[in-house]
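Here is how the chains run, residue by residue.
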Amino acid sequence: MEIPRHWRLKQQRYALMGEVCPHCEAKIFPPRDVCPECGGEAKTQFAFSGKGKIYSYTVMRDAPAGFEHNSPYTVAVVALEEGPMVTAQLTDLGEEPVAIGMPVEMVTRKIREDGERKGMIVYGYKFRPVMAA
Amino acid sequence: MTEKPSVHEMHADQLLLRTDRKTGIVGYGAYVPRYRLPGTEVARVWTDGGSGTVKEKSVAGLDEDVITMSIEAARNAMLRAGIDPCELRAVWVGSESHPYAVKPSGTIVAEAIGASHNIQSGDWEFACKAGSEAMVAATALVGSGMGKYALAIGMDTAQGKPGDALEYTAASGGAAYVIGPADESVAKIEASYSYVSDTPDFWRRPEQKYPEHGQRFTGEPAYFKHIETAARTMLEQLGRTAADYTYAVFHQPNPKFPMKAGADLGFTPEQIKPGLLAPVIGNTYAGASLIGLTAVLDIAKAGDRILMVSYGSGAGSDAFSLEVTEKIAERRALAPSTADYIARRTPIDYAVYTRLRDKIDMG
Amino acid sequence: MNPDVVIAGIGQIPVGEHYELSLRQMGVRALRAAIKDSGGLKPQALYIGNMLSSVVSHQANLGALFTDYANLGGIESFTTEASGASGAAALRLGYLAILSGYVDTVAVLGVEKWTDMAHSESETAAALGLDYDYEGVQGLSETGQAGLLMQRYLYEHNLPADALGGFAVQAHANGVNNINAYFRKAISLETYRKSGMTNPPLNLFDAAPYADGAAAVILTRRDLLPKDHPQPVVRMLGSAIATDTLALHDRKDPLAFIAAKEAVQSACAQAGIMPIYTDVLELDDSYSIYAALTLEACGYADPGEAPAMARDGGLAPTAIRPAMTMGGCKARGNAIGAKGIYQAIEAAMQLRGVCGLNQVPDARLAVTLALGGPASTAVAHVYDKIESRE
């Protein structure tokens, strides 16, 4: 059981809540309080749009412990519209093959369960092919 | 059975719930997961013939549950409402498949959409009318002036025992509504009215995975009695008839029941069909009437009147009388439509279905 | 003037599945072999490189464990951890300790016990080298990371799915002649092509097998070597560690392997050589994509050209750029925290001229590079040989 560590990250996990640097305007995800671009203190909250493009991807056919339930699944590095890249699973993949450059959008999904059936459910960001709005 | 006279019998002409402050639907959002199980698949495995009453039903993916689906529907509702999430004073989720037996779905949904911590939150349970009950409560909270906006959600990953008649229809999906001031709304809430009784037509005991039901007992004394009483009371006390409404949405456990109830009440198929999604997504339990309403709002015009009547086993119905405003035109396109979600579909076979719905015993 | 730090002794056990041996038995065997090879030098400190013992063997405080079981009598000892570069980091610590003048003779042990748990459980432990909150929690593994890098690499250079096959073919060819290698069977490019993809486009042969291993070296000052120490003597000329972001996604260009470049350049600068002058390059081929990106980052190959270099035999012991000369991680086996010490031993063997069929002709300079994760940590060392005791 790892309740506190999941709990403390809930805002960024559920909704891609990051930071914006007040000095150089860089958008920061995950939040780290220190701007990776200019080194200044950056604690201003910034909500990412959740839109991005696939930088790279692979399929996990041999899932690590705790993820077998969802295997096989696709993991991608997604370049967010605002700049930073994030690692996340892709979900709701239809017939269209995944490709580098594919536009994706953030959704909040079950990431894993902390303990078989009894433990807390960890929710967090995943990405799916953009749905026509 | 004779019923005791009550305060309501004494004021039988004033049963409708109306608020001092006028309220309405400020934002709405649907969600349907992308997987579809055709009725023919259930028949292939269990009955060697027939295909049930629906073409196919929607099935949640491996990483989805009532909380994740509620989050997406809520985000769509918030996009249409265009309000700061911190202005919400309640986040309520009605469902009969809350992921936790103890631990609210609402707080997770609230956190995910950026609501403040100064809210009411709690999970509603009343079989398939948990979502509309949350809508009544949200209307009351806003109508009383306790808060400006409240979010009510009806969502389910419905359970049906393998091989049972329910398995053809028990589906995943639902909708979310931001209730707020009538003058900001896409549809004004004229009144609501609820009718309930102790009628054991369908239930699920604690620790049980699948519900039990009274088969044909679920019809006349249960579904039809409550839906029609709620609808008739609403029509009578508003001094209206079915002809005064452009659309009617009824709880839809299958395609037949709402058509029959509608006909009994004087509604034509043209009034009912736009909000009748059961044939293509099945019965989303607490989400069913709410997502029928989003489908209607997706196409309604200013001035249209809509009657929505939910039904929850055990049993009861909530009726809402709505009048669409001119704001609908500008808000509609701000989030994916119900039809967008229905069109996004991946058919699955029964084997994949058993995996997605966690029916495989992993030991 | 700094003293010369020399590798006085080497000892290793074969990399493999040592179900009959415990963490401590493996480590003690390597240590005793290294001490024996040094002519019986007595270390005053023992630095241990290990990544997984806390999880896989439920054992921390390895300093006390190994000094006790190796009968080293209470000397200074502790563990360094830098994921797959743990052993190489311990080596640097030993090197610095002698340079500092506080310690004369050091033992450095790289040890990893992989098989104490079911493979999938050990695999989960290996993923601790990733950013747990932002990569691990998404279900990514180290092999998955390599798959992400490989996908992007093939895309950017417009290469076919089998482009990286040359690395495994070369490593397996070299492993045949290494008695300490896990795999001692050559493979063809056809075998590579037919193997199953674990993390597409990455296939089974693109990933070095995790396995048990223990390797140790004895470092000392050149003037403290026993008079009859065999010639030539292997000397350490440079040592550097560089780091990059922990999470792959936090890098401007994940394919750049900047830390690998920085570590190699810095260690070579200390040695007063250009990286290209090395005769032996024991790089980190935990994944074939790591090998390709390292060669390109360090200037041994132009961008996109490393796969062709490997495929065309350019990394063979007798070619222009001998690499993975005893099988690399792919064939010798990836003993994770022990990897860096295996590399140091293989470099020392090349400089001593004892590599038999895999001997690099006239090897005078060697570079080793161990990576923790996808060059999140990179540790480089440079060695040369001294022919006679001047």
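Residues numbered from 1 in each chain as written. Chains lettered and ligands numbered in written order. Predicted model: local features only at pLDDT ≥ 70, side-chain atom pairs only at ≥ 80, totals over all residues. Heavy atoms only, no water.

## Thoughts on the overall build of chain B
Where we set the bar: Where helices and strands are cited, they refer to DSSP runs of H or I of at least four residues and of E of at least two residues respectively, numbered from the N terminus. For the radius of gyration, the atom set is restricted to C-alpha positions; the globular benchmark scales as 2.2 Å times the number of residues to the power 0.38. Partly exposed residues are those whose accessible area sits between 20% and 50% of the maximum for their type, while under 20% is buried and over 50% is exposed, using a 1.4 Å probe and protein chains only. By definition, residues are in contact when any of their heavy atoms lie within 4.5 Å.
In terms of helices and strands, chain B carries 13 helices and 14 strands. Computed over C-alpha atoms, the radius of gyration of chain B comes to 19 Å, within 12% of the 21 Å expected from 2.2 N^0.38 for 363 residues, which places it in the range of a compact globule. Each of the three principal axes of chain B carries a C-alpha extent, and together these read 55 × 50 × 40 Å. Looking at the 363 residues of chain B, the share that counts as buried comes to 62%. When contacts within chain B are restricted to residue pairs at least 6 apart in sequence, long-range pairs at least 24 apart make up 79% of them.

## Let's talk about the domain arrangement of chain C
Residue and element names in this part refer to chain C. This is how it is decided: The split of the chain into domains comes from an automatic or database domain assignment. As a working definition, buried area equals the accessible area (1.4 Å probe) given up by two parts on being put together, with both sides summed.
Parsing chain C into structural domains produces domain 1 (5–118 + 210–224) and domain 2 (131–209 + 238–386). The gap between the C-alpha centroids of domain 1 and domain 2 is 23 Å. In this complex, domain 1 contributes 42 residues to the contact, which on the side of domain 2 involves 37 residues. The largest contributions to the domain 1 side of the interface with domain 2 come from Gln12, Val15 and Tyr210, which together make up 26% of the buried area.

## Some points on the packing of helix H6 (residues 219–238) of chain B against helix H7 (residues 256–265) of chain B
Residue and element names in this part refer to chain B. Inclusion rule: In this description, a line fitted to the C-alpha atoms serves as the axis of each element, helices being fitted only across the stretch in contact, and the angle between N-to-C directions of two axes falls anywhere from 0 to 180 degrees. Oblique is the label for any angle not under 35 degrees, not over 145, and not in the 65 to 115 range, which are roughly parallel, roughly antiparallel and roughly perpendicular in turn. By definition, turning the near helix anticlockwise from the far helix through less than a right angle yields a left-handed crossing, and turning it clockwise yields a right-handed one. Residue polarity is assigned by list, with Asp, Glu, Lys and Arg as charged and Ala, Val, Leu, Ile, Met, Phe, Trp, Tyr, Cys and Pro as nonpolar; anything else, Gly included, falls into the polar class.
Viewed as axis vectors pointing N to C, H6 and H7 meet at an angle of 45 degrees, and their least axial separation amounts to 10 Å. Judged by the inter-axis angle, H6 sits oblique to H7. Considering only the axes of H6 and H7, their crossing is right-handed. Counting all contacts with H6, which are made through Gly219, Glu220, Tyr223, Phe224, Ile227, Glu228, Ala231 and Arg232, the residues of H7 involved are Phe257, Pro258, Lys260, Ala261, Asp264 and Leu265. Here the residues of the contact of H6 with H7 sort into eight nonpolar, one polar and five charged.

## Some points on the nonpolar core
Residue and element names in this part refer to chain C. The condition that has to hold: For the purposes of this section, nonpolar cores are sets of buried Ala, Val, Leu, Ile, Met, Phe, Trp, Tyr and Cys residues that join through side-chain atoms within 4.5 Å.
Membership of the largest hydrophobic core comes to 79 residues, with the highest contact counts inside it found for Tyr153, Phe167, Phe257, Ile289 and Leu295. Three or more residues apiece are contributed to this core by two domains, here domain 1 (5–118 + 210–224) and domain 2 (131–209 + 238–386). When neighbours within four sequence positions are excluded, Leu295 is seen to be in contact with Phe167, Leu281, Leu283, Tyr300, Ala301, Ala306 and Leu315.

## A word on the sheet that holds strand S2 (residues 35–38) of chain B
Residues and elements named next belong to chain B. Defined as follows: Two strands pair under a simple rule: DSSP has to find at least two bridges between them.
What the three strands build is an open sheet, ordered S3-S2-S14; its pairing is mixed. Among the strands making up the open sheet, the edge pair consists of strand S3 (56–59) and strand S14 (346–347). Relative to S3, S2 runs antiparallel, the two being bridged by four bridges. Across the sheet, Leu37 pairs through a bridge with Lys57, a residue of S3. Of the strands in this sheet, S2 and S3 touch helix H2 (residues 39–46), which is tilted by about 50 degrees from S2.

## What about the interface of chain C and chain A?
The following threshold applies: The working definition used for a salt bridge is a side-chain nitrogen of Lys or Arg within 4 Å of a carboxyl oxygen of Asp or Glu. The definition of a polar contact used here is a pair of N or O atoms within 3.5 Å, where within protein one atom must be able to donate a hydrogen and the other to accept one, and adjacent residues in sequence count solely through side-chain atom pairs.
Counting residues at the interface gives 29 residues for chain C and 33 residues for chain A. Taken over both partners, the interface formed by chain C and chain A buries close to 2900 Å², and the fraction arising from carbon and sulfur atoms is 53%. Among the residues chain C hides against chain A, the three largest losses belong to C:Tyr134, C:Gln138 and C:His249. Together they make up 25% of the total. Here chain C and chain A share three salt bridges between them. Linking A:Glu37 and C:Lys252 is a salt bridge whose minimum nitrogen-to-oxygen distance equals 2.8 Å. Scanning the region where chain C abuts chain A turns up 20 residue pairs in polar contact (both at pLDDT 80 or more). Broken down by secondary-structure element, the contributors of at least two residues to the side of chain C that touches chain A are helix H6 (142–156) and strand S5 (197–199) of chain C. Top element by residues in the side of chain C that touches chain A is H6(C). It accounts for seven residues. Classifying every residue of the side of chain C that touches chain A by side-chain character gives 10 nonpolar, 11 polar and eight charged.

## Some details on unusual backbone geometry
Residue A:Phe29 is joined to A:Pro30 through a cis peptide bond whose omega torsion reads -10 degrees. On the secondary structure map, A:Pro30 appears in the loop between strand S2 (27–28) and strand S3 (44–47). The phi dihedral of A:Glu25 is positive, around 70 degrees, even though this residue is not glycine. Position of A:Glu25 among the secondary structure elements: in the loop between strand S1 (17–20) and S2. The phi dihedral of B:Ala127 falls on the positive side, at around 45 degrees, and the residue is not glycine. Residue position: B:Ala127 is located in the loop between strand S5 (120–124) and helix H5 (130–143).

## Section: a nonpolar patch on the surface
The following threshold applies: Exposure above 30% relative accessible area and the absence of a salt bridge qualify a residue for a patch, where like charges join within 9 Å and nonpolar side chains (Val, Leu, Ile, Met, Phe, Trp, Tyr) within 5 Å. Here, Shrake-Rupley sampling with a 1.4 Å probe gives the accessible areas, and only protein chains in the shown set may cover a residue.
A contiguous nonpolar patch, built from A:Met1, A:Ile3 and A:Trp7 and spanning about 410 Å² of accessible area, is present on the exposed surface. Tracing the backbone shows A:Trp7 in helix H1 (residues 3–8).

## A short note on the interface of chain B and chain A
Across the boundary between the two partners, chain B contributes 24 residues, which contact 28 residues of chain A. Note on chain B versus chain A: buried area summed over both sides is about 2300 Å², and carbon and sulfur give 48% of it. Taken as a group, B:Leu62, B:Asp63 and B:Glu111 account for 25% of the area that chain B buries against chain A, more than any other trio of residues on that side. Between the two partners, chain B and chain A, sit five salt bridges. In this structure, A:Arg128 and B:Glu72 form a salt bridge, with 2.6 Å as the shortest nitrogen-oxygen distance. Counting every contact that joins chain B to chain A gives 15 residue pairs in polar contact (both at pLDDT 80 or more). Contributing elements (two or more residues each) for the side of chain B that touches chain A: helix H3 (66–81), helix H4 (105–112) and helix H12 (338–343) of chain B. Considering only residue class, the side of chain B that touches chain A consists of 11 nonpolar, two polar and 11 charged.

## Quick word on helix H7 (residues 165–175) of chain C
Of all 11 residues that make up H7(C), nine are buried, and the element is covered over most of its length. Taken residue by residue, H7(C) has C:Gly165, C:Gly166, C:Phe167, C:Ala168, C:Gln170, C:Ala171, C:His172, C:Asn174 and C:Gly175 as its buried positions.

## Some thoughts on the packing of helix H4 (residues 86–100) of chain C against helix H13 (residues 339–352) of chain C
Residue and element names in this part refer to chain C. For the pair H4 and H13, the least separation of the axes is 5 Å and the interaxial angle reads 65 degrees. Each of Gly87, Ala88 and Leu91 in H4 lies in contact with H13, whose residues at this interface are Gly340, Ile341 and Ala344. Counted by class, the contact of H4 with H13 contains four nonpolar, two polar and no charged residues.

## Observations regarding the packing of aromatic side chains
Residues and elements named next belong to chain B. To be explicit about the condition: For Phe, Tyr and Trp, where Trp contributes only its six-membered ring, two rings pair if their centres lie within 6.5 Å, and the inter-plane angle classes them as stacked under 30 degrees, edge-to-face over 60, or tilted in between.
For the structure shown, the criterion picks out 19 aromatic pairs over all chains. Ring geometry for Trp92 and Trp124: centres 5.6 Å apart, planes at 85 degrees, overall edge-to-face. Of this pair, Trp92 sits in strand S4 (residues 88–94) while Trp124 sits in strand S5, placing them 32 residues apart in sequence. Taking relative accessible area as the criterion, Trp92 reaches 10% and is therefore assigned buried.

## Remarks on the side chain of B:Thr338
Residue and element names in this part refer to chain B. Note on placement: Thr338 falls in helix H12. At a separation of 2.9 Å, a polar atom in the side chain of Thr338 contacts the side chain of Thr294. Reaching out from Thr338, the side chain makes a polar contact with the side chain of Asp298 at a distance of 2.6 Å. The residues touching Thr338, leaving out its near neighbours within four places in the chain, are Ala30, Leu277, Ile291, Thr294, Ala295 and Asp298.

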